[in-house]
Amino acid sequence: MAEMINVKIFRYDPNIDKEPHYKTYQIPYKEGMMALDALTHVYEHIDGTLAYRWACRAGQCGSCALIINGKPKIACRTIVEKGKDLTLTPLLHFPIVKDLVVDLERGQRRIERMRPFVQRLKKPSRPEILSAEAINPIKEIRECIECWSCISACPAVAEAWQDFSGPMFHAKLARFQFDQRNVEDRVKSALMEGLYKCTTCRACVEACPKEINIPEKAIEKMRAIAARTGLGPLPGHEEYTSRAIKFGRSVDKIGTSLLEMVKTGYAARVKDPKDTVGYFPGCLTDYRLQEIGKLIIEILTKNNIEVIVPAEFTCCGSPLIRAGLVDDAKQNLVPKNVKILEEIGVKTVVTGCPGCGMTIRRNYPDLIGRELGFETMHFAQYLTRNTDMFENMGGGVSLKATIHNPCHLNRGLDAPNDLEDSVLRIPGVRIVGTEENDRCCGAGGGVRAGERSMSMAIARRKGQLIINSGAEACVTQCPFCYIQIRDILKQLGYEQIPVYDLAELMAKPYRSEKI
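Summarised in this report is the structure supplied together with it. (Residues numbered from 1 in each chain as written. Predicted model: local features only at pLDDT ≥ 70, side-chain atom pairs only at ≥ 80, totals over all residues. Heavy atoms only, no water.)

Scanning the protein from N- to C-terminus turns up 24 helices and 16 strands. Within the protein, buried positions represent 55% of all 515 residues. Partitioning the contacts of the protein with sequence separation of at least 6, the portion at a separation of at least 24 is 73%. Of the roughly 23000 Å² that the protein leaves accessible, carbon and sulfur atoms contribute 46%. One finds the centroid of the 71 positive side-chain charges in the protein at a distance of 3 Å from the centroid of its 63 negative side-chain charges. (Helix = DSSP H or I, 4+ residues; strand = E, 2+ residues; numbered from the N terminus. Buried < 20%, exposed > 50% of the residue type's maximum accessible area, 1.4 Å probe, protein only. Contact = heavy atoms within 4.5 Å. Areas by Shrake-Rupley, 256 points an atom, 1.4 Å probe, with all protein chains shown as cover. Lys, Arg positive; Asp, Glu negative; His and termini not counted. Charge placed at Lys NZ, Arg CZ, Asp CG, Glu CD.)

Written as structure tokens, this is what we have:
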């Protein structure tokens, strides 16, 4: 007898139903079946009134995009997992026509308004042949199949679609801006469509069936053009970017800096080390969250890992790159950090800031034109490779916690499970409220600095998820997320829910401290 799976499908006919509801169907599981196959089985064998869209079945038309188990995906390319239930709901932000079919007119009108075609001064006299060099800048972003998945995934769209048109629209504007035949300035249009409201959380990349890297290939490149032409960055960015260029830190110092607290160079020598790593604190850890930096060094050295903190490191450049000041980062910050980090002679550079880690790993090779002489790794990633670091912990911790998985760790450094895996290894910690623990908090991409109202709107939804989880605390490991979540919980009247950095929580059992 074939194994059966449950398929829970959103049902709603506005002409008949007072309220939307879900209906669960049992269908036979087949190896390799897709979500679209499950829908087809329900329609053909159980309920012919079910409405859903599909066309090519080849991942090229985008018609079958849905929310599948909480994530926007195209049904024809989403494999049904054996033994797991399937939940299917319509795309977000569009009116329901019936069941899983939505009315896309709102989005289509917005596309028409931006004139999605090459603007010419005059009609060419003959067909044109474009060189590979001319096609390369638009090659990836023109692969969009308009499935609308990125619109459903985007946290900024969820809060204010009227202010931020969304990833797909900005990819289209960039596609025409970068086309050498186009004469219209699409950057001004992008600014009107909320160019600086993207948090670069990369949720759109995760949702995209073509894996188009819209934040890097479209939005950040358009921001760079805006900055070069005097249209950007925003006034809120200026304080942080100018300070980073002048003083090497994007924030001002509160108290004694981490570098002043520890002996730089070999910050912590150990006898017969099993590994030697570089530690890149980043601006916020050095100037604002010094104790967290000290704890990371302490945990590493307790496990016989020698830590080198370069004395002359500077801001990683992320605040500048996200704001469009790529040329300034390339000239003033990146070469200095590359030189310093390569000169310390380690194979691995560890950081507790995913934003720094993503910038060094993803942006630096492009900016210097070569691969780096070391591997960049977030602290949580290093822990998952060295799980013996959890073996010598004491007791004392009893905590029901939820986690906030930072976007730049989860999707930027391709480490979706490392934070949760690390937290679960801490004795006495139980994780609750895992629903949307990877939802953006709104702090990244320069949005907290330049578009504070959008940033806090995104944060409020994140804060409510944490509150609703029933957790006693929230655990994360990103300086920006740490501050953002702490701020929003206080604003919502729940400052009694503490926010822990992973290192703070790990230090408790090491020190036999109770929670």
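This part covers helix α16 (residues 334-343). Here α16 has its buried residues at V334, N337, V338, I340 and L341. Directly after α16, the chain includes G345, whose backbone phi takes a positive value near 75°.

What follows concerns the nonpolar core. Ranked by internal contacts, the top residues of the largest apolar core, which has 89 residues, are L300, F379, V423, L502 and M506. In this structure, L502 is in contact with F379, A380, L383, L419, S422, V423, I426, V475, T476 and Q477, ignoring residues within four places of it in sequence. (Core = buried A, V, L, I, M, F, W, Y, C linked by side-chain atoms within 4.5 Å.)

Spatially, 5 strands are ordered β2-β1-β5-β3-β4 in an open sheet, and the strand pairing comes out mixed. Whereas interior strands pair on both sides, the edge strands pair on one side only; in this sheet they are β2 (21-28) and β4 (71-74). Pairs of neighbouring strands in the sheet enclose a mean axial angle of 35°, with direction left out of account. Pairing geometry for strand β1 (residues 4-11) and strand β5 (residues 86-89), over 3 bridges, is parallel. Within β5, the position partnered with I9 by the bridge is L88. (Pairing = 2+ DSSP bridges. Axes fitted to C-alpha atoms, helices over the stretch in contact; angles between N-to-C directions.)

Once that is clear, we can look at the pattern of salt bridges. For side chains bearing opposite charge, pairing can occur when the charged atoms are close. Using the criterion set out here, one finds 38 salt bridges in the structure. The salt bridge involving E146 is made with K172; its shortest N-O contact spans 2.7 Å. Residue E146 is located in the loop between α3 (132-139) and α4 (149-153), and its partner K172 is located in helix α6 (residues 167-177); the two are separated by 26 residues in the primary sequence. By relative accessible area, E146 is classed as partly exposed at 28%. (Salt bridge = Lys/Arg side-chain N within 4 Å of Asp/Glu carboxyl O.)

Every second residue of strand β15 (residues 473-476) is oriented toward a common face, with A473 and V475 on one face and C474 and T476 on the other, all of them buried. Both strand β13 (residues 399-403) and β15 contribute to a ladder of 3 bridges, which runs parallel. What sits directly across from I403, in β15, is V475. Where β15 meets strand β16 (residues 499-501), 3 bridges bridge the pair, whose relative direction is parallel.

Once that is clear, we can look at the layout of surface pockets. Empty space among the atoms can be located by rolling a probe the size of a water molecule over them. The space that makes up the largest pocket amounts to roughly 960 Å³. Taken together, 35 residues make up the lining of the largest pocket; nearest its centre are G70, K71, P72, E436 and D438. Taken together, the elements giving at least two residues each to the lining of the largest pocket come down to β4, β5, α4, α5 (155-160) and α8 (203-207). Taken together, the residues that form the lining of the largest pocket break down as 13 nonpolar, 11 polar and 11 charged. Estimated volume of the second largest pocket: approximately 720 Å³. In terms of lining, the second largest pocket is formed by 42 residues, of which the most central are L284, P319, A443, R448 and F480. Elements with a minimum of two residues in the lining of the second largest pocket: α10 (235-247), α12 (283-287), α14 (318-323), α17 (354-368), α19 (407-410), α21 (447-450) and α23 (479-491). Tallied by class, residues from the lining of the second largest pocket come to 23 nonpolar, 12 polar and 7 charged. (1 Å grid on protein atoms, 1.4 Å probe; cavity = no way out; pocket = protein on both sides within 12 Å on 5 of 7 lines; lining within 4 Å. Points joined across faces, edges and corners; volume = space filled by probe spheres on them. Nonpolar A, V, L, I, M, F, W, Y, C, P; charged D, E, K, R; others polar.)

A word on the state of the cysteines. A complete count under the given rule lists 0 disulfides for this structure. No disulfide involves C474; its nearest neighbouring cysteine sulfur is the one of C481, lying 9.1 Å away. (Disulfide = S-S within 2.5 Å.)

The next thing to look at is unusual backbone geometry. Residues G232 and P233 are joined by a peptide bond in cis, for which omega reads -5°. Among the structural elements, P233 can be located in the loop between α9 (214-228) and α10. Of note, S512 is a non-glycine position whose phi angle comes to about 55°, a positive value. Inspection of the secondary structure assignment puts S512 in the segment after α24 (502-510).

Turning our attention to the side chain of N303. Structurally, N303 is set in the loop between α13 (290-302) and β10 (305-309). By relative accessible area, N303 is classed as buried at 7%. One polar contact links N303 to Y510, side chain to side chain, over a distance of 2.9 Å. (Polar contact = N/O pair within 3.5 Å; in protein donor to acceptor, adjacent residues only side chain to side chain.)

Turning our eyes to something else, we now look at the sheet that holds β15. In space, the 4 strands of this open sheet follow the order β14-β13-β15-β16, with parallel pairing throughout. One side of each edge strand has no neighbouring strand; the edge strands of this open sheet are β14 (429-431) and β16. Going across the sheet, the axis of each strand differs from the next one's by a mean of 40°, ignoring polarity. Here β13 pairs with β14 via 3 bridges, running parallel. Bridge assignment links A401 to a residue of β14, and that residue is I431.

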